[in-house]
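Chain and residue survey
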Amino acid sequence: MSAAIRTALVVTNRLSGLGRGQDSAAAAVARLSAGGVEITEIRAASAAESVRLVRDSLTDAGRRPDAVICVGGDGLINVTLDALANTGVPLGLIPSGTGNDLARALGVPTDDPVAAAEVVLAGRTRVIDLGRLESTGVEPMWFATVTGTGFDARVTLRANAMRRPKGPARYSLAALAELASGLAVPYRIELSGVAVGQLDNPPADTVLETEAVLVAIGNSRTYGGGMLICPDAEMDDGLLDITVVGKVSRWKMLELLPALSSGKRIDHPATRRYRVARVTLSAPGAPATTDGEPAGMLPATLSAVPGALTVLAR
């Protein structure tokens, strides 16, 4: 499908990508304006203010834009989803973050803001699912890519605090640092809405008790700038893919990390994959991140929400 984009609300994080967002925003806005799009730009002082301003615009019939465009990374998109999900207003992407995994999944250029703006101007739309995380102590959160728990969430939180290096190398260094702490913890994994006969799924809804280094829940396939953690995930199947990396040694994790960082598929005997509509995870002391953003601690319940987001994609 396609949509004519005449007006757009542009949400910017000009500090994304270690400052790359500033140049990306200027180049994208210039191209969109030259293409006849009337631009209203939001530069809010906080995530909460940004969400409020986007929501106000979408609920005001006189100001409702043809598209909301995020100039930034997956974190900015994650924040914006709180106002944009289930509205039908398409999301456009001008990637300028560290990971840019949603843009990569949608075929949006990640290193050329003008080319990304051309995708917006073309107006081709696609409807995708979102994930929804609910956990005690945090507000419910949407996610478009992957929720990480356990080791990978600790790695993401550490990487977010690092200024160098850029891209996947930052996650690799953070992972090496996290290897110094404990790895596997006991998980309780409650699978609901099991897609029978797919991946390693059991024949019916069930509860799994296992030790695991990490459990990742994917609406899409990659996180951390292209790490292929949920290699079979589809963004429009109404389901979430779950990757469980069981108990492995530090040495084995050292072997797996380079392949994961380079975007290769990991098929280790300690890895299991499931496809479900809903999962509840419990594990002692395990943090969670959604689209690279902090999402509290387990336990948490994650659900697929079919068709919750319209995007502008190739």
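Here the structure is shown first, and the text comes after it.
Calculation notes
- Residues numbered from 1 in each chain as written.
- Predicted model: local features only at pLDDT ≥ 70, side-chain atom pairs only at ≥ 80, totals over all residues.
- Heavy atoms only, no water.
- Helix = DSSP H or I, 4+ residues; strand = E, 2+ residues; numbered from the N terminus.
- Rg over C-alpha atoms; globule rule 2.2 N^0.38 Å.
- Buried < 20%, exposed > 50% of the residue type's maximum accessible area, 1.4 Å probe, protein only.
- Contact = heavy atoms within 4.5 Å.
- Salt bridge = Lys/Arg side-chain N within 4 Å of Asp/Glu carboxyl O.
- Core = buried A, V, L, I, M, F, W, Y, C linked by side-chain atoms within 4.5 Å.
- Axes fitted to C-alpha atoms, helices over the stretch in contact; angles between N-to-C directions.
- Left-handed = near helix turned anticlockwise from the far one by under 90°.
- Nonpolar A, V, L, I, M, F, W, Y, C, P; charged D, E, K, R; others polar.
- Patch = residues over 30% accessible without salt bridge, like charges linked within 9 Å, V, L, I, M, F, W, Y side chains within 5 Å.
- Areas by Shrake-Rupley, 256 points an atom, 1.4 Å probe, with all protein chains shown as cover.
- Phe/Tyr/Trp six-rings, centres within 6.5 Å; stacked < 30°, edge-to-face > 60°.
- Lys NZ or Arg CZ within 6 Å of the ring centre and 35° of its normal.
- Pairing = 2+ DSSP bridges.
- Expected span 1.5 Å × (residues − 1).
- Arc of directions from axis to C-beta.

1. As for the overall build of the protein chain
A tally of helices and strands in the protein chain yields 8 helices and 16 strands. Over its C-alpha trace the protein chain gives a radius of gyration of 19 Å, about what one expects of a compact globule, namely 20 Å for 314 residues. Its C-alpha atoms give the protein chain principal-axis dimensions of roughly 55 × 40 × 35 Å. Here the protein chain, with 314 residues, has 54% of them falling under the buried criterion. Partitioning the contacts of the protein chain with sequence separation of at least 6, the portion at a separation of at least 24 is 72%.

2. Here we look at the pattern of salt bridges
Inspection of the entire model under this criterion finds 18 salt bridges. A salt bridge links Glu 211 to Lys 247; the shortest N-O distance between them is 3.8 Å. With Glu 211 in strand S9 (residues 206-218) and Lys 247 in the loop between strand S12 (240-246) and helix H8 (250-261), this pair connects stretches of sequence that are 36 residues apart. It is possible to trace a salt-bridge network through shared partners that takes in Asp 232, Arg 265, Asp 267 and Arg 273.

3. Some points on unusual backbone geometry
In the segment running from Leu 298 into Pro 299, the intervening peptide bond is cis, with an omega of 10°. Here Pro 299 lies in the loop between strand S15 (293-297) and strand S16 (300-312). For Leu 199, which is not glycine, the phi torsion reads 50° and is therefore positive. By the secondary structure assignment, Leu 199 is in the loop between strand S8 (185-194) and S9. Residue Leu 199 is classed as partly exposed on the basis of its relative accessible area of 34%.

4. Things to note about helix H3 (residues 74-84)
Among the 11 residues that make up H3, 10 are buried, leaving the element largely enclosed by the rest of the structure. The set of residues buried in H3 consists of Asp 74, Gly 75, Leu 76, Ile 77, Asn 78, Val 79, Thr 80, Leu 81, Ala 83 and Leu 84. Directly beyond the C-terminal end of H3, a positive phi value near 65° is found at Asn 86.

5. Regarding the nonpolar core
Of all hydrophobic cores here, the largest spans 48 residues; its most connected members are Leu 91 and Leu 102. With 6 residues, H3 is the single largest residue contributor to this core. Sequence-distant contacts of Leu 91, that is, excluding residues within four places in its chain, are made with Val 68, Cys 70, Ile 77, Leu 84, Leu 102, Leu 309, Thr 310, Val 311 and Leu 312. Of all hydrophobic cores here, the second largest spans 25 residues; its members include Phe 143, Ile 189, Leu 240 and Tyr 274.

6. A word on the packing of helix H2 (residues 47-59) against H3
With their axes 8 Å apart at the nearest point, H2 and H3 run at an angle of 35° to one another. For H2 against H3, the interelement crossing comes out right-handed. Of H3, the residues touching H2 (which contributes Ala 47, Val 51, Val 54, Arg 55 and Leu 58) are Val 79, Asp 82, Ala 83 and Leu 84. Residue composition of the contact of H2 with H3, by class: 7 nonpolar, no polar and 2 charged.

7. So, the side chain of Thr 80
Along the chain, Thr 80 falls in helix H3. Excluding residues within four positions of it along the chain, Thr 80 makes contact with Val 11, Val 68 and Cys 70.

8. Quick look at a nonpolar patch on the surface
Taken together, the side chains of Leu 173, Leu 176, Trp 251 and Leu 254 define a hydrophobic patch exposed on the protein surface, amounting to about 430 Å² of accessible area. Mapped onto the elements, Trp 251 comes out in helix H8.

9. Overview of the packing of aromatic side chains
This model, assessed by the stated rule, comprises 0 aromatic pairs. The aromatic ring of Trp 142 is capped on one face by Arg 132, whose charged end is 4.4 Å from the ring centroid.

10. Some thoughts on the pairing of strand S1 (residues 7-12)
Counting buried positions over the 6 residues of S1 gives 5, a clear majority of the element. As judged from the 5 bridges shared by S1 and strand S3 (residues 67-72), these two strands associate in the parallel manner. The residue of S3 that forms the bridge with Val 11 is Cys 70.

11. Here we look at H8
For H8, spanning 12 residues, the distance from its first C-alpha to its last is 16 Å, which sits close to the expected 16 Å at 1.5 Å a residue. Taken together, the buried positions of H8 are occupied by Met 253, Leu 256, Leu 257, Leu 260 and Ser 261. Looking down the long axis of H8, one finds its buried residues gathered within 125° of arc, a one-sided arrangement. In H8, those exposed residues whose orientation departs by more than 90 degrees from the buried face are Trp 251 and Glu 255.

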